[in-house]
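# Survey of secondary and tertiary structure
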Amino acid sequence: MTTQQDCIALDAQDPLRDLRKLFTLPEATIYLDGNSLGVMPAAAPARVADVVTREWGTDLIQSWNKNGWFAMPQKVGDKIARLIGAAPGTVVATDSTSVNLFKVLSAAMNIVATDAPQRKQIVSERSNFPTDLYIAEALCKQHGMELVLVEPEDMAASLTANVAILMLTHVNYRTGAMHNMAAVTAAAHAEGILTVWDLAHSAGAVPVDLNQARADFAVGCGYKYLNGGPGVPAFVWVNTQHADRFWQPLAGWWGHATPFDFTPDYRPAPGITRYQCGTQPMISLAALECGVDTLLAAEAQGGMAALRSKSLALTDLFIQLVEERCAGHGLGLATPREHAQRGSQVCLTRDEGAYAIVQALIARGVVGDFRAGDGGLHKDILRFGFTPLYIGFEDVWNAVEQLKQVLETAEWQRPEFNRKHAVT
Ligand SMILES: *Cc1c(COP(=O)(O)O)cnc(C)c1O
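Only a predicted model underlies this, so the values are computations on that prediction, with no experimental measurement involved.

### Re the pairing of strand β2 (residues 91–94)
Burial of β2 is two-sided: the residues Val-91 and Ala-93 facing one way and the residues Val-92 and Thr-94 facing the other way are all buried. Bridge count for β2 against strand β8 (residues 234–238) is 4 bridges, and the pairing is antiparallel. Directly across from Val-92, in β8, lies its bridge partner Val-236.

This is how it looks when you write it as structure tokens:
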């Protein structure tokens, strides 16, 4: 049996423990929701204030040149590239994940329309994040294609000669299950299928190597494990082999080769810059850069590989303690035990009361979240994200202790924990 003393000892030996100082963590809170909205970097308020008061307030329009505003999407993109196995100059931080998905799916559809027009299907997982499915559905309507949704175990069999694109989220938002990106990409390529990867729950959470996996397109989120702040830009990467083949359809002036020539016709910039559309949000980009810098600060201690080791140790410990200390309360495990198949979150299931248990935990300072099931195969989920930059082993102990008390006292049954909020 693991004890609280064991957890304290693990924290004392943790080479990453000082990275916690890079964040402003609220008092008396164990924040297990960094997979949904990352914690604020301690550097962010001053940096954002400087962008507002000095760069905007004083330097005004000169900031586009003087303060590097114009190149911010590429500058932040280059930093993100270091976390996802991409080369410098191949990532831009821009727009939202949904919008970037629209761009890359459109580009992939253009490639297929030229190279293999008989392929008319996009395959994805039924439990993919809904916005990904909505964007794909809308584009399929526009292009006379079909979106085919499968369960993970049926994916391999669905990769047929009718399929144009395989669109997957690398780490599933509901279950925390992770695909083997290189193997899945190779299987798709063997059938002549392009791959689009969503890294929303991967970038900054698990090691990713887009180039080694020979992926075709990728998008990802800035406000989750990258700690960028609410609504900051997402990012987009395109394999250099595809980048210059087509325009993406949101052909705004920031994607033009020479925007300040103000020509009436569109000439796309080479490379990833053509994936920009209009004027980019400088205040948000500055906040995002602070977030990405917290991950790059771990490079001296081994970077993503070291973060991954700690993440697996934290999620292993959480699973073990829940099973040891909360047995008999109807909890199930939706996240794979196999390390190679697990992201940086643990998802528990319960037939009844999952939402209310999460609310009762939040009232006790343990912040996770709830994702509704579909009444069938996919159960209600209590979701806990583990960000090794600022979560420690004793935090895991304390979180499970609170969960145990919530279950043993049945306090989750109180009416105030059973009222649904707009955001769960
Ligand atoms: C969080 C998340 C998104 C969010 O998309 P937005 O456009 O930023 O709202 C998209 N896809 C996945 C898989 C996500 O987890």
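### Focus: the site of the ligand
The ligand sits among Ser-96, Thr-97, Ser-98, Phe-129, Thr-131, Asp-132, Thr-169, Asp-198, Ala-200, His-201, Tyr-223 and Lys-224. The separation between a nitrogen atom of the ligand and a polar side-chain atom of Asp-132 is 2.8 Å. The contact in question runs from a nitrogen atom of the ligand to an N or O atom on the side chain of Asp-198, over 3.0 Å. Protein burial of the ligand: of its 390 Å² of free accessible surface, 87% is covered by the chains. Looking at the shell around the ligand, the elements that each hand over two or more residues are α5 (97–115) and α6 (130–143). Tallied by class, the residues present in the shell around the ligand amount to 3 nonpolar, 6 polar and 3 charged.

### Here's the deal with unusual backbone geometry
The backbone phi angle of Leu-60 is positive, close to 45 degrees, even though this residue is not glycine. Note that Leu-60 resides in the loop between α2 (44–59) and α3 (63–66). The phi angle at Phe-262 is positive, at roughly 50 degrees, despite the residue not being glycine. Relative to the helices and strands, Phe-262 resides in the loop between α10 (240–243) and α11 (282–296).

### Brief notes about the sheet that holds β8
Pairing between the strands of a sheet comes from backbone hydrogen bonds, and it takes one of two forms, parallel or antiparallel. Taking strand neighbours across the sheet as the criterion, the 7 strands line up as β2-β8-β7-β6-β5-β3-β4 in an open arrangement whose pairing is mixed. Each edge of the open sheet carries a strand with a single partner, namely β2 and β4 (146–150). Adjacent strand axes in the sheet meet at a mean angle of 20 degrees when their direction is disregarded. Strand direction decides the pairing type here: strand β3 (residues 121–125) and strand β5 (residues 163–169), joined by 3 bridges, are parallel. Looking at the pairing, Ile-122 lines up with Ile-165 of β5. Here helix α4 (residues 72–81) sits on the sheet and contacts β2 and β8; the angle it forms with β2, its principal contact strand, is near 120 degrees. Most of the contacts of α5 go to strand β7 (residues 217–220), to which it runs at about 170 degrees, and overall it touches β2, β3, β5, β6 (194–198), β7 and β8.

### Quick look at the side chain of Arg-174
Inspection of the secondary structure assignment puts Arg-174 in the loop between β5 and α8 (181–190). Nearest to the buried, unbridged Arg-174 among oppositely charged side chains is Asp-374, at 6.3 Å. At a separation of 2.6 Å, a polar atom in the side chain of Arg-174 contacts the main-chain carbonyl oxygen of Ala-372. A polar atom in the side chain of Arg-174 sits 2.6 Å from the backbone oxygen of Lys-379. If we skip the residues at most four places from it in the chain, Arg-174 touches Ser-127, Gln-345, Cys-347, Arg-371, Ala-372, Gly-373, His-378, Lys-379 and Ile-381.

### Regarding the state of the cysteines
Throughout the structure, instances matching the rule amount to 0 disulfides. Looking at the unpaired Cys-221, the closest cysteine sulfur is the one in Cys-347, lying at 16 Å.

### What to know about the domain arrangement of the protein chain
Segmentation of the protein chain into domains returns domain 1 (4–31 + 303–417) and domain 2 (48–297). At the junction of the two partners, domain 1 supplies 30 residues and domain 2 supplies 22 residues. Taken together, the two surfaces of domain 1 and domain 2 that pack against each other cover about 2,000 Å², and 61% of this comes from carbon and sulfur. Across the contact surface, domain 1 and domain 2 share 0 salt bridges. The tally of links from domain 1 across to domain 2 stands at 9 residue pairs in polar contact (both at pLDDT 80 or more). Per-class residue counts for the side of domain 1 that touches domain 2 are 15 nonpolar, 10 polar and 5 charged.

### A closer look at the packing of α4 against α11
Where α4 meets α11, the axes come as close as 10 Å, and the angle between the chain directions of the two elements is 20 degrees. Between α4 and α11, the interaxial angle falls into the category roughly parallel. Handedness of the α4/α11 crossing: left-handed. Facing α4, whose interface residues are Met-72, Pro-73, Lys-75, Val-76, Lys-79 and Ile-80, α11 presents Met-282, Leu-285, Ala-286, Leu-288, Glu-289, Val-292, Asp-293 and Leu-296. When grouped by side-chain class, the residues that make up the contact of α4 with α11 number 10 nonpolar, no polar and 4 charged.

Criteria and thresholds
Counting from 1, residues in each chain are numbered in the order their sequence is written. Residue-level local features of this predicted model are given only where pLDDT is at least 70; pairs of side-chain atoms are given and counted only at 80 or more, and the full residue set underlies all totals for whole chains, interfaces and linings. Derived side-chain values reflect all non-hydrogen atoms in the structure, with water molecules and hydrogen atoms excluded from consideration. Throughout this description, buried means an accessible area under 20% of the type-specific maximum (1.4 Å probe, protein chains only), exposed means over 50%, and partly exposed covers the range between. Numbering of helices and strands starts at the N terminus; helices are DSSP runs of H or I of at least 4 residues and strands are runs of E of at least 2. Strand pairing is defined by DSSP finding a minimum of two bridges between the two strands. When we say a residue is near a molecule or strand, we mean one of its heavy atoms is within 4 Å of it. Distance and chemistry together define a polar contact, namely a pair of N or O atoms within 3.5 Å, with one atom able to donate a hydrogen and the other to accept it when in protein, and with adjacent residues in sequence counting only for side-chain atoms on both sides. Areas reported here follow the Shrake-Rupley algorithm with a probe of radius 1.4 Å; residue values treat only the protein chains shown as occluding. Gly falls in the polar group here, along with every residue not listed as nonpolar (Ala, Val, Leu, Ile, Met, Phe, Trp, Tyr, Cys, Pro) or charged (Asp, Glu, Lys, Arg). Note on method: axes are straight lines fitted to C-alpha atoms, helices fitted across the in-contact stretch only, with angles between N-to-C directions ranging 0 to 180 degrees. The contact criterion used is simple: two residues touch if any of their non-hydrogen atoms lie within 4.5 Å. Two residue types count as positive, namely Lys and Arg, and two as negative, namely Asp and Glu; His and chain ends fall outside the count. By definition here, a salt bridge exists when the distance from a side-chain nitrogen of Lys or Arg to a carboxyl oxygen of Asp or Glu is within 4 Å. Any cysteine sulfur atom paired with another within 2.5 Å is treated as part of a disulfide. Domain start and end points were adopted from an automatic or database domain assignment. Here's the idea: put two parts together, see how much 1.4 Å probe accessible area each one loses, and the total over both is what we call buried area. We call two directions roughly parallel when the angle between them is under 35 degrees, roughly antiparallel when it is over 145, roughly perpendicular when it lies between 65 and 115, and oblique otherwise. In this scheme, a crossing is called left-handed if the near helix is turned counterclockwise away from the far one by less than a right angle; it is called right-handed if the turn is clockwise.

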